[in-house]
Amino acid sequence: AQTVTQSQPEMSVQEAETVTLSCTYDTSESDYYLFWYKQPPSRQMILVIRQEAYKQQNATENRFSVNFQKAAKSFSLKISDSQLGDAAMYFCAYRSPTTSGTYKYIFGTGTRLKVLA
Amino acid sequence: NAGVMQNPRHLVRRRGQEARLRCSPMKGHSHVYWYRQLPEEGLKFMVYLQKENIIDESGMPKERFSAEFPKEGPSILRIQQVVRGDSAAYFCASSLTGTEGNTIYFGEGSWLTVV
């Protein structure tokens, strides 16, 4: 069974600095999708970034980028120039390919990011 | 284009009552997913539906829980005879189709409190 592990329950970063959130996963599949979602105090789940496993290039969205290491099954999120609005819970998620017959997302337990002014 | 709409946002039920949570997917989306989030935990998959069909309900408890996505109207997650352990946030998400390129988009969640 697939699993997603976020080993950092909480992280802090100074405003304007860079922080990296860790995520590892376990799967026997070769083709899958990985996501980072942000959950601010409003509790809404907001998609931050996604990565297709067949793509070697790391995904980037403005200040957010990932370091995808397929062999190591690692998918870390880097937030550059951190802003107060980045403070939230961040969840790493794994999704099997459609050929598996389901769109089941497996979520990690989350990392709470605090941004210090 | 409105996002995924869930209602009610907050629902309080006494033990033994029924809870009904509604989800209207994004316009044009025909795939709906329900997830449950217990306090301080990540989201756990419950069920995946397409119009009039349940595709995967492997995450849904066998008793008291049911879900539907009728041809017309919102998807409904129904919890009968609620117990305190059902208190959680229930998130609905939708996607355009079942093809590879589609990301799912979440609603703002419905918070169920059982007293």
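All figures in this text were calculated on a predicted structure; none of them were measured in a lab.

Calculation rules
Residues numbered from 1 in each chain as written. Chains lettered and ligands numbered in written order. Predicted model: local features only at pLDDT ≥ 70, side-chain atom pairs only at ≥ 80, totals over all residues. Heavy atoms only, no water. Helix = DSSP H or I, 4+ residues; strand = E, 2+ residues; numbered from the N terminus. Rg over C-alpha atoms; globule rule 2.2 N^0.38 Å. Buried < 20%, exposed > 50% of the residue type's maximum accessible area, 1.4 Å probe, protein only. Contact = heavy atoms within 4.5 Å. Areas by Shrake-Rupley, 256 points an atom, 1.4 Å probe, with all protein chains shown as cover. Lys, Arg positive; Asp, Glu negative; His and termini not counted. Charge placed at Lys NZ, Arg CZ, Asp CG, Glu CD. Salt bridge = Lys/Arg side-chain N within 4 Å of Asp/Glu carboxyl O. Nonpolar A, V, L, I, M, F, W, Y, C, P; charged D, E, K, R; others polar. Pairing = 2+ DSSP bridges. Core = buried A, V, L, I, M, F, W, Y, C linked by side-chain atoms within 4.5 Å. pLDDT = per-residue confidence, 0-100. 1 Å grid on protein atoms, 1.4 Å probe; cavity = no way out; pocket = protein on both sides within 12 Å on 5 of 7 lines; lining within 4 Å. Points joined across faces, edges and corners; volume = space filled by probe spheres on them. Axes fitted to C-alpha atoms, helices over the stretch in contact; angles between N-to-C directions.

S.K.: I'd love a proper account of the overall build of chain B, names of residues and values included.
M.R.: Scanning chain B from N- to C-terminus turns up zero helices and eleven strands. Listing each helix as α and each strand as β along chain B from the N terminus yields β-β-β-β-β-β-β-β-β-β-β. Against the compact-globule benchmark of 13 Å for 115 residues, chain B has a radius of gyration of 13 Å, which places it among compact chains. For chain B, the C-alpha atoms occupy an extent of roughly 40 × 25 × 25 Å along the three principal directions. Each of the 115 residues in chain B was classed as buried or not, and the buried ones make up 45%. A sequence separation of at least 24 residues applies to 53% of the contacts in chain B between residues at least 6 apart. Within the structure as shown, chain B displays about 5700 Å² of accessible surface, and the carbon and sulfur contribution to it stands at 48%. In chain B, which carries 15 positive and 12 negative side-chain charges, the distance between the mean positions of the two groups comes to 7 Å.

S.K.: So, the interface of chain B and chain A: which residues are in play, and what are the values?
M.R.: The interface is formed by 27 residues belonging to chain B together with 24 residues belonging to chain A. The interface formed by chain B and chain A holds zero salt bridges in total. Those elements that place two or more of their residues in the side of chain B that touches chain A are β4 (31–37), β5 (43–50), β6 (53–56) and β9 (88–95) of chain B. Residues that form the side of chain B that touches chain A fall into these classes: eleven nonpolar, ten polar and six charged.

S.K.: Give a description of the pairing of β9 of chain B that names residues and reports values.
M.R.: When a strand is regular, its side chains alternate between the sheet's two faces. Residue and element names in this part refer to chain B. Burial of β9 is extensive: eight of the eight residues sit out of reach of the surface. Of the two faces of β9, both are covered, the one formed by A88, Y90, C92 and S94 as well as the one formed by A89, F91, A93 and S95. Taken together, the three bridges between β9 and strand β11 (residues 110–114) define a ladder with antiparallel strand orientation. Along β11, the bridge assignment pairs Y90 with S110. As judged from the two bridges shared by β9 and strand β10 (residues 105–106), these two strands associate in the antiparallel manner. Along β10, the bridge assignment pairs S94 with Y105.

S.K.: Quick one: what's the story with the nonpolar core, residue by residue and with numbers?
M.R.: Y25, W36, F75, L77, Y90 and L113 of chain A are the most contacted members of the largest nonpolar core, which totals 25 residues. For this core, the secondary structure elements donating two or more residues are β3 (19–21), β5 (33–39), β6 (46–52), β8 (64–69), β9 (74–79), β10 (88–95) and β12 (111–116) of chain A. Considering each element in turn, this core owes the most residues, four residues, to β10 of chain A. L11, M46, A67 and C92 of chain B belong to the second-largest nonpolar core, a separate cluster that totals 23 residues.

S.K.: Tell me about the confidence of the model for chain A, and please be specific about residues and values.
M.R.: This prediction gives chain A a mean pLDDT of 91; 95% of its residues lie at or above 70. Confidence, expressed as mean pLDDT per element, reaches its minimum in chain A at strand β11 (residues 105–107) of chain A with 88 and its maximum at β3 of chain A with 98.

S.K.: Summarise the layout of surface pockets; cite the residues concerned and give the values.
M.R.: Reported here for the largest pocket is a volume of approximately 220 Å³. Along the wall of the largest pocket there are 16 residues; nearest its centre are Q39, R43, M89 and R112 of chain A together with E40 of chain B. Secondary structure elements with two or more residues in the lining of the largest pocket: β10 and β12 of chain A. Tallied by class, residues from the lining of the largest pocket come to nine nonpolar, two polar and five charged.

S.K.: Describe the sheet that holds strand β8 (residues 75–79) of chain B, naming the residues involved and giving the relevant values.
M.R.: Residues and elements named next belong to chain B. Read across the sheet, four strands follow the order β1-β3-β8-β7 without closing on themselves; strand pairing throughout is antiparallel. Each edge of the sheet is formed by a strand with only one pairing partner; in this case those strands are β1 (5–7) and β7 (65–68). Within the sheet, the average angular offset between the axes of one strand and its neighbour, ignoring direction, is 15 degrees.

S.K.: Pulling in residues and values, what's your account of the pattern of salt bridges?
M.R.: Residues and elements named next belong to chain A. Going through the model one piece at a time under the given rule, you end up with nine salt bridges over all chains. Residue E10 is joined to K114 by a salt bridge in which the shortest nitrogen-to-oxygen separation is 3.4 Å. Linking E10 in strand β2 (residues 10–14) with K114 in strand β12, this pair joins segments that are 104 residues apart in sequence. In this structure E10 comes out as partly exposed when scored by relative accessible area, which is 44%. Across the pair K55 and E52 runs a salt bridge, and its minimum N-O distance is 3.8 Å. For K55, a relative accessible area of 40% corresponds to the partly exposed category. By relative accessible area, which is 11% here, E52 ends up buried. By sharing partners, the salt bridges in this structure join R50, E52 and K55 into a single network.

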